[in-house]
Amino acid sequence: MNITVIGAGYVGLVTGTCFAELGNQVTCIDVNKEKITNLTQGILPIYEPGLEPMVTSNMADGRLHFANSLNEQPHEPKVIFIAVGTPSDTDGSADMQYVLNAARSIGAYINDYCVVVDKSTVPVGVADQVRAAIQAELDKRGVATKFDVVSNPEFLREGAAIDDFMRPDRIIVGDASERSKAIMLELYTPIIRSKEKIYFMNVKDAEMTKYVANAMLATKISFMNEMSVLCERLGVDIENVRLGIGSDSRIGNAFIYPGCGYGGSCFPKDVKALIKMAENNGVDPLVLRAVEDRNYAQKRVLPAKIRKIFGDDLSDITIGVWGLSFKPGTDDMREASSLVLIESLIQQKARVQVYDPVAMPVAKEMMPAEWFLSGQLSFAEHQYAAVDAADALVLVTEWKPFCYPDLTAMKKLMRRHIILDGRNQYDPKQMQDAEFEYYGIGR
Ligand SMILES: NC(=O)c1ccc[n+]([C@@H]2O[C@H](COP(=O)([O-])OP(=O)(O)OC[C@H]3O[C@@H](n4cnc5c(N)ncnc54)[C@H](O)[C@@H]3O)[C@@H](O)[C@H]2O)c1
């Protein structure tokens, strides 16, 4: 099948590449010219495990193409995916300008029937706006072709995106006509072993499903984070509590790991957008606001622990930080907890030495140059260089190489033997035995 994906970011590039891998002809379109130039040379804009070889092999086999506009693509698509960003607007609602621009570009391009698939996360009712924007462009051009707009939200996780895409828990399709339903089934049949995994529903239900899924996951995290604060006060180990409740099949083990707050491109903005949707419709979003408030507070738990240990003035203190990205397996820095921690340390005049296996180039772009110029912030070449002469190590992102640290080497390197474990990765007893002062989350 000929497929076009508008937006070559985390979702668009993974979607396009995976569909090409399944034998389809795919063109990924992006308005960012540099991104497309790089992609045509096999240079990826993001880090995602396994994606680079899949992009290059599908390009080499002639199934995956990149272009700056719909007019430049080599094949007429039967399906056009919209996978552009939907960031928070100033009032917290989801900003639809990129989705509607994409819709207008589709209306200005198509001459024959095609299915327009909204993969971006969009508020309830946006499919109607997309349909209207396409129709208005067709009317301007006097083109009378039919088209369908369906909602098909994406649930992939960065760091495991290819696996999630190729082996989805479910596929949601909203508002499919008989014609578009057949096309969506044909498209997804190779990756769903059972047709029961594809849920056809009303378009608004599909749009809402994505927000409710993300808000539910964020709620589980914030709930456990709040419990971790209480556990700490009560002298209870949240990790034992987590095991105790996770084994209850009604609760489950996923998303109940306490930590230093959730970040990323989705949970923060999607919770915000859902709050706005609730407010705009006369519903007081009591739970959602609490989820957000707890996350704001949780990102400040590590800075508070550091103040408690070292005091407010950190001018003589060096802190090593392991991990920058909002989670392991990605270089995505959007809303990462590390940003809150590092800013707080810099404000308190600490020297900060950071290491992340992949996110340092992206993080560097987001941090003020004067932090580096003043020598307050440095990016280390190796995880152990980040703890050289450090008074404490803070683990922010649980990348695999941080799982089993060489404590003997660290004891020699570090000035003081203090570990703040923002993801409860380490065994407090083992740390104690190795004569490290250990601070976890809720233990
Ligand atoms: N990142 C995730 O893990 C994830 C998971 C599920 C759903 N989503 C949703 O998918 C959507 C995309 O997210 P993302 O993280 O891939 O975004 P992203 O910012 O990584 O990529 C979006 C891309 O769209 C391009 N773009 C914007 N307007 C365009 C236009 N008119 N024509 C062509 N290209 C255009 C941008 O240049 C950018 O490269 C969002 O709605 C997001 O909420 C993201």
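Each domain of the chain was delimited in the assignment, giving domain 1 (2–201), domain 2 (211–297) and domain 3 (299–439). Contacts between the two partners involve nine residues from domain 1, matched on the other side by 10 residues from domain 3. When the buried surface of domain 1 facing domain 3 is broken down by residue, Tyr10, Tyr47 and Glu158 rank first, second and third, together holding 82% of it. At the boundary of domain 1 and domain 3, one finds zero salt bridges. Taken together, the residues of the side of domain 1 that touches domain 3 break down into five nonpolar, one polar and three charged.

With that out of the way, let us pick up the state of the cysteines. Within the structure shown, the criterion is met by zero disulfides. For Cys231, which is in no disulfide, the shortest distance to another cysteine sulfur is to Cys260 and amounts to 17 Å. Accessibility expressed as a relative area gives 9% for Cys231, which makes it buried. Of all cysteine sulfurs, the one in Cys403 lies closest to Cys260, which takes part in no disulfide; the gap is 15 Å.

In this section: helix 10 (residues 267–280). Here helix 10 is 14 residues long and its end C-alpha atoms lie 20 Å apart, about the 20 Å a rise of 1.5 Å per residue gives. Counting buried positions along helix 10 yields 11 of 14 residues, so the element is predominantly enclosed. Along helix 10, the residues classified as buried are Phe267, Pro268, Lys269, Asp270, Val271, Ala273, Leu274, Ile275, Lys276, Met277 and Ala278. Considering only its buried residues, helix 10 is in contact with helix 8 (203–234) and helix 11 (286–298). Immediately downstream of helix 10, the backbone of Gly282 shows phi near 75°, a positive value.

Two faces make up the sheet, and in a regular strand the side chains alternate between them. Counting buried residues along strand 10 (residues 351–355), four of its five residues qualify, which places the element largely inside the surrounding structure. In the sheet, strand 9 (residues 318–322) pairs with strand 10 via five bridges, with the strands oriented parallel. Following the sheet pairing, Trp322 is matched in strand 10 by Tyr355. Remark: the strand 9/helix 13 (residues 337–347)/strand 10 crossover connection has right-handed handedness. Strand direction decides the pairing type here: strand 10 and strand 11 (residues 377–379), joined by three bridges, are parallel. Counted as the bridge partner of Val354 is Phe379 from strand 11.

Attention shifts here to the packing of helix 8 against helix 9 (residues 238–246). Relative to each other, helix 8 and helix 9 sit at 135°, their axes nearing to 10 Å. Between helix 8 and helix 9, the interaxial angle falls into the category oblique. Judged by the twist between their axes, the crossing of helix 8 over helix 9 is right-handed. Two secondary-structure elements touch here, helix 8 through Met224, Met227, Ser228 and Cys231 and helix 9 through Ile238, Val241, Arg242 and Ile245. Split by residue class, the contact of helix 8 with helix 9 holds six nonpolar, one polar and one charged.

It is worth spelling out the packing of aromatic side chains at this point. Under the definition given, this model contains 10 aromatic pairs. The interplanar angle of 75° and the centroid separation of 6.2 Å between the aromatic rings of Tyr355 and Phe402 together place this pair among those described as edge-to-face. Linking Tyr355 in strand 10 with Phe402 in the loop between strand 12 (392–395) and helix 16 (407–413), this pair joins segments that are 47 residues apart in sequence. In this structure, Tyr355 and Phe402 share a single accessibility class: buried. What links up through ring pairs into an aromatic cluster is the set Phe19, Phe81, Phe165 and Tyr188. Note that Arg170 overlies the ring of Phe155, its terminal NZ or CZ placed 3.6 Å from the centroid. A cation over an aromatic ring shows up here: Arg179 above the ring of Tyr113, its NZ or CZ 3.6 Å from the ring centre.

Here the focus is the pattern of salt bridges. What the rule picks out here adds up to 22 salt bridges. Among the salt bridges present, the one from Asp332 reaches Arg334, with a minimum N-O distance of 3.0 Å. If you follow the salt bridges from partner to partner, you end up with Lys276, Glu279, Asp284 and Arg289 in one network.

Let us now look at the sheet that holds strand 10. Two modes of strand pairing occur in sheets, parallel and antiparallel, and in both the strands are linked by backbone hydrogen bonds. Taken in spatial order, the six strands make up an open sheet running 11-10-9-12-13-14, and their pairing is parallel. On the outer flanks of this sheet lie strand 11 and strand 14 (437–439), each paired with one strand and no other. With direction set aside, neighbouring strand axes in the sheet form an average angle of 20°. With four bridges connecting them, strand 9 and strand 12 associate as parallel partners. Each residue of the ladder has a partner; that of Val321, found in strand 12, is Val394.

For the rest of this paragraph, the subject is the environment of Ala385. Structurally, the position occupied by Ala385 is in the loop between strand 11 and strand 12. For Ala385 and Tyr355, which are 30 residues apart along the polypeptide, the C-alpha to C-alpha distance reads 8.1 Å. When sequence neighbours within four positions are dropped, the list of residues in contact with Ala385 reads Gln353 and Ala380.

This brings us to the nonpolar core. Counting residues in hydrophobic clusters, the biggest one holds 53 residues, and the most contacted among them are Ile319, Trp322 and Met410. Within the second largest apolar cluster, 42 residues are counted, among which are Ile29, Ala94, Ala102 and Val116.

It is worth spelling out the layout of surface pockets at this point. Considering only enclosed or pocket space, the second largest pocket measures out at about 420 Å³ in volume. Lining the second largest pocket are 19 residues, with Glu232, Arg233, Val301, Lys305 and Lys308 sitting closest to its centre. The dominant element in the lining of the second largest pocket, judged by the number of residues it contributes, is helix 12 (residues 301–310), at five residues. Here the lining of the second largest pocket is built from residues that sort into nine nonpolar, four polar and six charged. There are two domains that each give the lining of the second largest pocket at least three residues, and those are domain 2 (211–297) and domain 3 (299–439).

What counts and what doesn't
- Residues numbered from 1 in each chain as written.
- Predicted model: local features only at pLDDT ≥ 70, side-chain atom pairs only at ≥ 80, totals over all residues.
- Heavy atoms only, no water.
- Domains from an automatic or database assignment.
- Contact = heavy atoms within 4.5 Å.
- Buried area = accessible area lost by both parts, 1.4 Å probe.
- Salt bridge = Lys/Arg side-chain N within 4 Å of Asp/Glu carboxyl O.
- Nonpolar A, V, L, I, M, F, W, Y, C, P; charged D, E, K, R; others polar.
- Disulfide = S-S within 2.5 Å.
- Buried < 20%, exposed > 50% of the residue type's maximum accessible area, 1.4 Å probe, protein only.
- Helix = DSSP H or I, 4+ residues; strand = E, 2+ residues; numbered from the N terminus.
- Expected span 1.5 Å × (residues − 1).
- Pairing = 2+ DSSP bridges.
- Right-handed = clockwise from strand over helix to strand, strands pointing away.
- Axes fitted to C-alpha atoms, helices over the stretch in contact; angles between N-to-C directions.
- Parallel < 35°, antiparallel > 145°, perpendicular 65-115°, else oblique.
- Left-handed = near helix turned anticlockwise from the far one by under 90°.
- Phe/Tyr/Trp six-rings, centres within 6.5 Å; stacked < 30°, edge-to-face > 60°.
- Lys NZ or Arg CZ within 6 Å of the ring centre and 35° of its normal.
- Core = buried A, V, L, I, M, F, W, Y, C linked by side-chain atoms within 4.5 Å.
- 1 Å grid on protein atoms, 1.4 Å probe; cavity = no way out; pocket = protein on both sides within 12 Å on 5 of 7 lines; lining within 4 Å.
- Points joined across faces, edges and corners; volume = space filled by probe spheres on them.

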